[in-house]
Amino acid sequence: MKINWGTGIVIAFALFMSFILYFVFEVQSNSKYDNDLVVEEYYKHDSHFQEEMARIQNAHDLQHKPSITYNKDGVKVVFPTTFESNKIKGNILLYRPSNKKFDFNTPIALTNSVLVIPKDKLVKGRWDVNIEWQYNGTKYLTKEVIYVN
């Protein structure tokens with residue numbers, strides 16, 4: 001049997017489409033491939049974007065900014081000593097981009113302007129740290145990316 005060019009192209013195209021469709025169905029049906037949204041309420045989150053940018057700008061305009069570092073004890077958040085520790089209110093969101101099951105919030109409770117999040121709460125890899133805090137009625141948002149190893 002002789003296969004001409006047209007038949008060969010149709011067969012190759014059909015095989016390629018079958019190959020692609022197999023992977024589409026595999027990813028959609030297999031639970032190990034997580035297809036969740038990054039943010040649960042995307043549109044609600046997006047409507048507050050301007051407010052978030054104002055809080056980020058407030059934090060950026062500070063002369064002394066909070067620092068976020070990772071060391072052997074865990075994630076260490078240090079607020080400048082120019083702020084009174086008991087007047088700082090807010091929480092720290094540790095967000096894991098690869099798996100939302102590891103995300104958690106920690107309220108800000110400072111000891112000598114320092115907050116340490118223990119290493120045993122963290123899994124290795126990338127973490128996005130968002131500090132939403134308030135001092136003397138002004139709201140701030142500090143974002144940082146850390147890598148736990």
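Computed from a predicted structure; not experimentally measured.

1. Details of helix α3 (residues 49-60)
Spacing of three or four residues puts side chains on the same side of an α-helix, whose turn is 3.6 residues.
Right, on to step 1. Its 12 residues give α3 an end-to-end C-alpha distance of 16 Å, which sits within 8% of 16 Å, the value for a rise of 1.5 Å per residue.
Right, on to step 2. When we look at burial in α3, the residues that qualify are Glu-52, Arg-55 and Ala-59. All buried residues of α3 project into a common sector of 60 degrees when viewed along the axis, lining one side. Those residues of α3 that are exposed and aimed more than 90 degrees away from the buried face are Gln-50 and His-60.

2. A look at the pattern of salt bridges
Right, on to step 1. Scanning all chains against the criterion turns up five salt bridges.
Right, on to step 2. Note that Arg-55 and Glu-132 form a salt bridge whose closest N and O atoms lie 3.9 Å from each other. With Arg-55 in helix α3 and Glu-132 in strand β6 (residues 125-135), this pair connects stretches of sequence that are 77 residues apart.
Right, on to step 3. A salt bridge links Glu-84 to Lys-87, with the nearest nitrogen and oxygen atoms 3.7 Å apart.
Right, on to step 4. Owing to a relative accessible area of 40%, Glu-84 belongs among the partly exposed residues under this scheme.
Right, on to step 5. For Lys-87, a relative accessible area of 38% corresponds to the partly exposed category.

3. As for the sheet that holds strand β1 (residues 67-71)
Right, on to step 1. Strand order across the open sheet formed by three strands is β1-β2-β5, with antiparallel pairing between neighbours. Looking at which strands have only one partner, the edges of the open sheet turn out to be β1 and β5 (114-118). On average, each strand axis in the sheet is tilted by 20 degrees relative to the strand beside it, whichever way the strands run.
Right, on to step 2. Sheet topology note: the strand β2 (residues 74-78)/β5 ladder contains five bridges and is antiparallel. The partner of Gly-74 across the bridge, within β5, is Pro-118.

4. Observations regarding the confidence of the model for the protein chain
Right, on to step 1. Predicted confidence across the protein chain gives a mean pLDDT of 86, with 93% of residues reaching 70 or more.
Right, on to step 2. Helix α1 (residues 5-29) holds the highest mean pLDDT among the elements of the protein chain, 92, whereas helix α2 (residues 42-47) holds the lowest, 71.

5. Section: unusual backbone geometry
Right, on to step 1. The phi angle at Asn-112 is positive, at roughly 55 degrees, despite the residue not being glycine.
Right, on to step 2. Not every positive phi belongs to a glycine, and Asn-136 is a case in point at roughly 55 degrees.
Right, on to step 3. Along the chain, Asn-136 falls in the loop between β6 and β7 (138-148).

6. Topic: the packing of aromatic side chains
Right, on to step 1. Counted by the stated rule, this structure contains seven aromatic pairs.
Right, on to step 2. Arranged with centres 4.9 Å apart and planes meeting at 80 degrees, the rings of Phe-19 and Phe-23 form a pair that is edge-to-face. Here Phe-19 pairs with Phe-23, and both are found in helix α1, just four residues apart, close to one helical turn.
Right, on to step 3. Under the relative-accessibility criterion, Phe-19 is labelled partly exposed at 47%.
Right, on to step 4. Centre to centre, the rings of Phe-104 and Trp-127 are 6.1 Å apart; their planes meet at 70 degrees, and the pair counts as edge-to-face. Residue Phe-104 is found in strand β4 (residues 104-107), and its partner Trp-127 is found in strand β6; the two are separated by 23 residues along the sequence. Comparing Phe-104 with Trp-127, the two get one shared label, buried.

Definitions and limits used
- Residues numbered from 1 in each chain as written.
- Predicted model: local features only at pLDDT ≥ 70, side-chain atom pairs only at ≥ 80, totals over all residues.
- Heavy atoms only, no water.
- Helix = DSSP H or I, 4+ residues; strand = E, 2+ residues; numbered from the N terminus.
- Expected span 1.5 Å × (residues − 1).
- Buried < 20%, exposed > 50% of the residue type's maximum accessible area, 1.4 Å probe, protein only.
- Arc of directions from axis to C-beta.
- Salt bridge = Lys/Arg side-chain N within 4 Å of Asp/Glu carboxyl O.
- Pairing = 2+ DSSP bridges.
- Axes fitted to C-alpha atoms, helices over the stretch in contact; angles between N-to-C directions.
- pLDDT = per-residue confidence, 0-100.
- Phe/Tyr/Trp six-rings, centres within 6.5 Å; stacked < 30°, edge-to-face > 60°.

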